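Structural description and commentary
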Amino acid sequence: MRAVKSTVDQIRKRFDNDVERFSNLETGQTATIDAAMVLDLIAQVVAKTNPDAHSILDVGCGAGNFTLKVLGILPNLDATLIDLSSAMLARAHSRVGAATTGRVHAIQGDIRELDLGKEQFDIIVAAAVLHHLREEVEWTAVFSKFYACLKPRGSIWISDLVAHALPAIQDIMWGRYGDYLVAFKGEEYRDTVFAYVEQEDTPRPVLFQCELLRSSGFREVEILHKNAVFAAFGAIK
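Before going into details, it helps to say that this report is about the structure given with it. (Residues numbered from 1 in each chain as written. Predicted model: local features only at pLDDT ≥ 70, side-chain atom pairs only at ≥ 80, totals over all residues. Heavy atoms only, no water.)

**Quick look at helix α5 (residues 86-97)**
This is how the line gets drawn: Elements are defined by DSSP. Helices are runs of H or I of four residues or more, strands are runs of E of two residues or more, and each kind is numbered from the N terminus. Given a helix with a known number of residues, its expected span is that number minus one, times 1.5 Å. Each residue's exposure class comes from its accessible area (1.4 Å probe, protein chains only) as a fraction of the maximum for that residue type: buried when under 20%, exposed when over 50%, partly exposed otherwise. To obtain the arc, one takes the directions from the helix axis to the C-beta atoms. Whenever a nitrogen or oxygen atom comes within 3.5 Å of another N or O atom, the pair is scored as a polar contact, on the condition that within protein one atom can donate a hydrogen and the other can accept it, and that pairs from neighbouring residues in sequence are kept only if both atoms are in side chains.
In a regular helix each residue adds 1.5 Å, so 12 residues correspond to 16 Å; α5 covers 16 Å between its end C-alpha atoms and thus fits that length. Listed as buried for α5 are Met88, Leu89, Ala92, Arg95 and Val96. Buried residues along α5 cover an arc of 135° about the axis, so they all sit on one side. Sitting at the head of α5, Ser85 places a side-chain oxygen 3.3 Å from the backbone nitrogen of Ala87.

Structure representation (structure tokens):
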């Protein structure tokens, strides 16, 4: 039987209490392997694939780190920020607003429930957020929503915790992640991270998500980076 997972309200409250940590561009995602490198990589890819972009949608924006990195290369975009946490959203709005002359629009809400419209954005970034989706019907609906709200030739770039379809491979990769956490902060830290992943997260394999991008209509799908249970990937409409 699947363990009972955290509710949306429980997830929101946890992030309300973690704004300061997630506001640091270098250390905000220390439980994520290669976090700083992926942050830079996605910003570079966004700039190369959509150099004439005018707008970005940041889903699960946290404190705004990914949008800030993109603005460092593509300045003065209009930015739409979405997050469950009002505290995270307020910090992101303040930081992003100071970094662009474009419009900044903050939306507190659940991506599963929001209407993103049609052909509104040039770029979507979604970092460490989609692993909170539960059933396959939610994944399908959200990816279809992403496709619809992007302009032609717009792109989406995802960085997230991922699972593996084969249990033996999952065991190996999870063990590697555990080793990373122990080396970083010790066994107690590893156990704490593993506990909240078990309680809160429902990641899916990167290949499942790439196939879902294709079935949603995206014409080009790319895997940028993968290390153990973390991956960065995306697609162009």
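**Structural notes on a nonpolar patch on the surface**
Note the cut-off: Exposure above 30% relative accessible area and no salt bridge define the residues that can form patches, which grow by joining like charges within 9 Å and nonpolar side chains of Val, Leu, Ile, Met, Phe, Trp and Tyr within 5 Å. Note on areas: Shrake-Rupley, 1.4 Å probe, and residue coverage restricted to the protein chains presented here. Any Lys or Arg side-chain nitrogen found within 4 Å of a carboxyl oxygen on Asp or Glu counts as a salt bridge.
Taken together, the side chains of Leu166, Ile169 and Ile172 define a hydrophobic patch exposed on the protein surface, amounting to about 280 Å² of accessible area. Locating Leu166 in the fold gives a position in the loop between β5 (150-161) and α7 (167-185). Classification of Leu166 as exposed rests on a relative accessible area of 58%.

**Some remarks on the pattern of salt bridges**
Tallying each qualifying case throughout the model produces six salt bridges. One salt bridge in this structure joins Arg112 and Glu138, with 3.1 Å as the shortest N-O distance. Separated by 26 residues along the polypeptide, Arg112 in the loop between β3 (104-108) and β4 (121-127) and Glu138 in helix α6 (residues 136-149) bring together distant segments of the chain. Here Arg112 falls in the partly exposed class, since its relative accessible area comes to 27%. Residue classification places Glu138 among the partly exposed positions, given a relative accessible area of 23%. The residue Asp122 makes a salt bridge to Lys151 at a minimum N-O spacing of 3.6 Å. Here the residue Asp122 occupies a position in strand β4, and Lys151 occupies one in strand β5, the gap between them amounting to 29 residues. With relative accessibility at 11%, the residue Asp122 sits in the buried group. Salt bridges here are not isolated pairs; linked through shared partners, they connect Asp110, Arg112 and Glu138.

**Concerning the sheet that holds strand β2 (residues 78-83)**
Quick reminder of the rule: One bridge is not enough; two strands pair if DSSP finds at least two bridges between them. Where helices are involved, their axes are fitted lines through C-alpha atoms of the stretch in contact, as for all axes, and angles between N-to-C directions lie from 0 to 180°.
Taken in spatial order, the seven strands of this open sheet run β3-β2-β1-β4-β5-β7-β6, and their pairing is mixed. Strands at the two margins of the open sheet, each flanked by one partner only, are β3 and β6 (220-227). Direction aside, neighbouring strands of the sheet carry axes that sit 10° apart on average. For β4 and β5, the ladder comprises six bridges, and the chain directions are parallel.

**A few points about the packing of α6 against helix α9 (residues 206-216)**
What counts is decided by this rule: Note on terminology: angles under 35 degrees are roughly parallel, angles over 145 are roughly antiparallel, angles of 65 to 115 are roughly perpendicular, and the others are oblique. Whether a crossing is left-handed or right-handed is set by the direction in which the near helix is turned from the far one by less than a right angle, anticlockwise for left-handed and clockwise for right-handed. Note on contacts: a residue pair qualifies if any of its non-hydrogen atoms lie within 4.5 Å across the two residues. Charged residues are taken to be Asp, Glu, Lys and Arg, nonpolar residues to be Ala, Val, Leu, Ile, Met, Phe, Trp, Tyr, Cys and Pro, and polar residues to be all remaining types, Gly included.
Contact pair α6 / α9: the axes reach a minimum separation of 9 Å and the direction vectors enclose 50°. With respect to α9, the axis of α6 lies oblique. Like other packed secondary-structure pairs, α6 and α9 cross with a definite hand, here right-handed. Each of Glu136, Trp139, Thr140, Phe143, Ser144 and Tyr147 in α6 lies in contact with α9, whose residues at this interface are Phe208, Gln209, Leu212, Leu213 and Ser216. Here the residues of the contact of α6 with α9 sort into six nonpolar, four polar and one charged.

**Here we look at empty space enclosed by the protein**
Filter applied, for reference: Using a grid of 1 Å spacing that covers the protein atoms alone, one calls a set of points a cavity when a 1.4 Å probe fits there but cannot get out, and a pocket when the set is open and has protein on both sides within 12 Å along at least five of seven lines; lining residues are those with an atom within 4 Å of a point. Grid points are joined across faces, edges and corners, and a volume is the space filled by probe spheres set on the points.
For the coordinates displayed, the defined rule picks out one cavity of 30 Å³ or more. The space that makes up the largest cavity amounts to roughly 40 Å³. Lining the largest cavity are Ile33, Asp34, Val38, Ser159, Asp160, His225, Asn227, Phe230, Ala231 and Ala232. Of all elements in the fold, only β5, β6 and β7 (230-236) reach the threshold of two or more residues within the lining of the largest cavity. Counting residues per element, the lining of the largest cavity draws most heavily on β7, which supplies three residues. Classifying every residue of the lining of the largest cavity by side-chain character gives five nonpolar, three polar and two charged.

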